[in-house]
Amino acid sequence: MPLSHPRRSALSEQVIAALRTQITSGEWPVGSRIPTEPELVGQLGVARNTVREAVRALAHNGLLDIRQGSGTYVVATSELAGVMHRRFADADPRHIAELRATLESGAARLAAERRTEKDLRQLDTLLLRREEAWGSGDAEAFVTADATFHLAVVAASHNDAMTAMYADLGEVLRDWLREDVGEELTPETHMDHTRLVDAIRAGDAETAAAEAASYPFRCRPGRFTPAGG
């Protein structure tokens, strides 16, 4: 994808836009290492300094993380997601759990009222994928599958603002789940989400909301209990 060569500042903006597109399109997913600087120079047809400036700009904006000796990795899919990741990196786990419970219960309630047949097919597919990831014993695969499932529940609310906010919080929530699940999947951290999908399918908003609200506090029994609980 060679780029044209206008004035330098405009060229840098083109390179930034091209790299951002690779991230937002999912071509470079969160957690992946992007091509090396020489590879990007060859792909884009621009000078090494221009590529370096673009990568640094996206790192400054929170989308990339430059790790000396290892490479550059995608850490967020938008500037806002990057800001949220930095802002909540050291947040109290209880507060993250409460945030999840509030957002997801509200979304599940709306999903039960608004879901389409397409939404239900997607939820069934992702629920199965989540169980398969659990069965594989791969903790990172499970975190990804679980996060994808919960985002689909929020998307089934058909509230674009809520879905966008939840997506921007995605890496914050994945970090929280990674810590809660740990490096090894154990029986006490497993939760069956079938009742949530069944409630959404049945249009049972109260049960869907209650199920979604309970999950963040049940990941690791004994870690904490909801305030007032």
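Residues numbered from 1 in each chain as written. Predicted model: local features only at pLDDT ≥ 70, side-chain atom pairs only at ≥ 80, totals over all residues. Heavy atoms only, no water.

Novice: How should helix α7 (residues 139–155) be read in this particular structure?
Specialist: The periodicity of an α-helix, 3.6 residues per turn, causes residues three or four places apart in sequence to face the same way. A rise of 1.5 Å per residue sets the reference length of α7, with its 17 residues, at 24 Å; its end C-alpha atoms lie 24 Å apart and thus fit the reference within 8%. Buried residues of α7: A139, F142, V143, A145, D146, A147, F149, H150, A152, V153 and V154, and no others. Each element contacted by the buried residues of α7 is listed here: α5 (93–114), α6 (117–136), α8 (160–168), α9 (170–181) and α10 (194–202). Backbone nitrogen of E140 and a side-chain oxygen of the N-cap are separated by 3.1 Å at the start of α7; the cap is D138. (Helix = DSSP H or I, 4+ residues; strand = E, 2+ residues; numbered from the N terminus. Expected span 1.5 Å × (residues − 1). Buried < 20%, exposed > 50% of the residue type's maximum accessible area, 1.4 Å probe, protein only. Contact = heavy atoms within 4.5 Å. Polar contact = N/O pair within 3.5 Å; in protein donor to acceptor, adjacent residues only side chain to side chain.)

Novice: Just checking my understanding: could you explain the nonpolar core for this structure?
Specialist: In a soluble, globular protein the nonpolar side chains are often hidden away together inside. Grouped together as the largest cluster of nonpolar side chains are 24 residues, with contacts concentrated most on F142, L169 and L185. Contributing elements (two or more residues each) for this core: α5, α6, α7, α8 and α9. When residues in this core are grouped by element, the largest group, six residues, is from α5. For F142, the contacting residues outside a window of four places in its chain are R130, A133, W134, V181 and L185. (Core = buried A, V, L, I, M, F, W, Y, C linked by side-chain atoms within 4.5 Å.)

Novice: Got a minute to help me understand the layout of surface pockets in this structure?
Specialist: Remark: the empty space left among the atoms is shown by a probe the size of a water molecule rolled over them. Its boundaries defined by the atoms lining it, the largest pocket holds a volume of some 580 Å³. When contributions to the lining of the largest pocket are tallied by element, the ones reaching two or more residues are α1 (8–24), α4 (79–87), α7, α8 and α9. Among the residues making up the lining of the largest pocket, the classes are represented as 13 nonpolar, nine polar and seven charged. In this structure, the second largest pocket encloses a volume near 360 Å³. If you trace the second largest pocket, you find 18 residues lining it, with T36, E37, I66, G71 and T72 closest to the centre. Elements with a contribution of two residues or more to the lining of the second largest pocket: α2 (37–44), α3 (48–60), β1 (64–67) and β2 (71–74). Top contributing element to the lining of the second largest pocket by residue count: α3, with four residues. (1 Å grid on protein atoms, 1.4 Å probe; cavity = no way out; pocket = protein on both sides within 12 Å on 5 of 7 lines; lining within 4 Å. Points joined across faces, edges and corners; volume = space filled by probe spheres on them. Nonpolar A, V, L, I, M, F, W, Y, C, P; charged D, E, K, R; others polar.)

Novice: I'm lost on the packing of α6 against α10 in this one. Help?
Specialist: Between two packed helices, the angle of one axis relative to the other and the distance separating the axes together describe the packing. Remark: α6 packs on α10, axes separated minimally by 11 Å, with the N-to-C direction vectors making an angle of 175°. The orientation of α6 with respect to α10, classified from their angle, is roughly antiparallel. Contacts from L120, L123, D124 and L127 of α6 reach α10 at T194, V197, I200 and R201. For the contact of α6 with α10, the residue count by class is five nonpolar, one polar and two charged. (Axes fitted to C-alpha atoms, helices over the stretch in contact; angles between N-to-C directions. Parallel < 35°, antiparallel > 145°, perpendicular 65-115°, else oblique.)

Novice: Whenever I open this one, the side chain of E211 confuses me. Can you help?
Specialist: Along the chain, the position of E211 falls in helix α11 (residues 205–214). On the accessibility criterion, E211 (10% relative accessible area) is buried. Side-chain polar atoms of E211 contact the side chain of Y215, separated by 2.9 Å. For E211, the contacting residues outside a window of four places in its chain are R195, L196 and R218.

Novice: Help me understand the pattern of salt bridges, please; the structure alone is not making it clear to me.
Specialist: Where charged atoms from two side chains of opposite charge come close, those side chains can pair. Counted by the stated rule, this structure contains 12 salt bridges. In this structure, the salt-bridge partner of E206 is R109, at a minimum N-O distance of 2.6 Å. Linking E206 in helix α11 with R109 in helix α5, this pair joins segments that are 97 residues apart in sequence. Look at E206 and you get exposed, because its relative accessible area is 53%. Across the pair D146 and R130 runs a salt bridge, and its minimum N-O distance is 2.6 Å. (Salt bridge = Lys/Arg side-chain N within 4 Å of Asp/Glu carboxyl O.)

Novice: Whenever I open this one, the packing of aromatic side chains confuses me. Can you help?
Specialist: Aromatic ring pairs: the centre-centre distance and the angle between the two ring planes describe each pair. Throughout the structure, instances matching the rule amount to one aromatic pair. Where W134 meets F142, the ring centres are 5.0 Å apart and the plane angle is 75°; that geometry is what we call edge-to-face. Taken as a pair, W134 and F142 share a single burial class, namely buried. The ring of Y73 is capped by R67, whose NZ or CZ atom sits 4.1 Å from the centre of that ring. (Phe/Tyr/Trp six-rings, centres within 6.5 Å; stacked < 30°, edge-to-face > 60°. Lys NZ or Arg CZ within 6 Å of the ring centre and 35° of its normal.)

Novice: Looking at this structure, I do not really get unusual backbone geometry. What am I missing?
Specialist: In most cases, non-glycine residues show a negative phi, while peptide bonds are predominantly trans. Of note, the phi angle at H158 is positive, near 55°, even though the residue is not glycine. When you line up the elements, H158 lands in the loop between α7 and α8. Overall, the relative accessible area of 41% leaves H158 in the partly exposed class.

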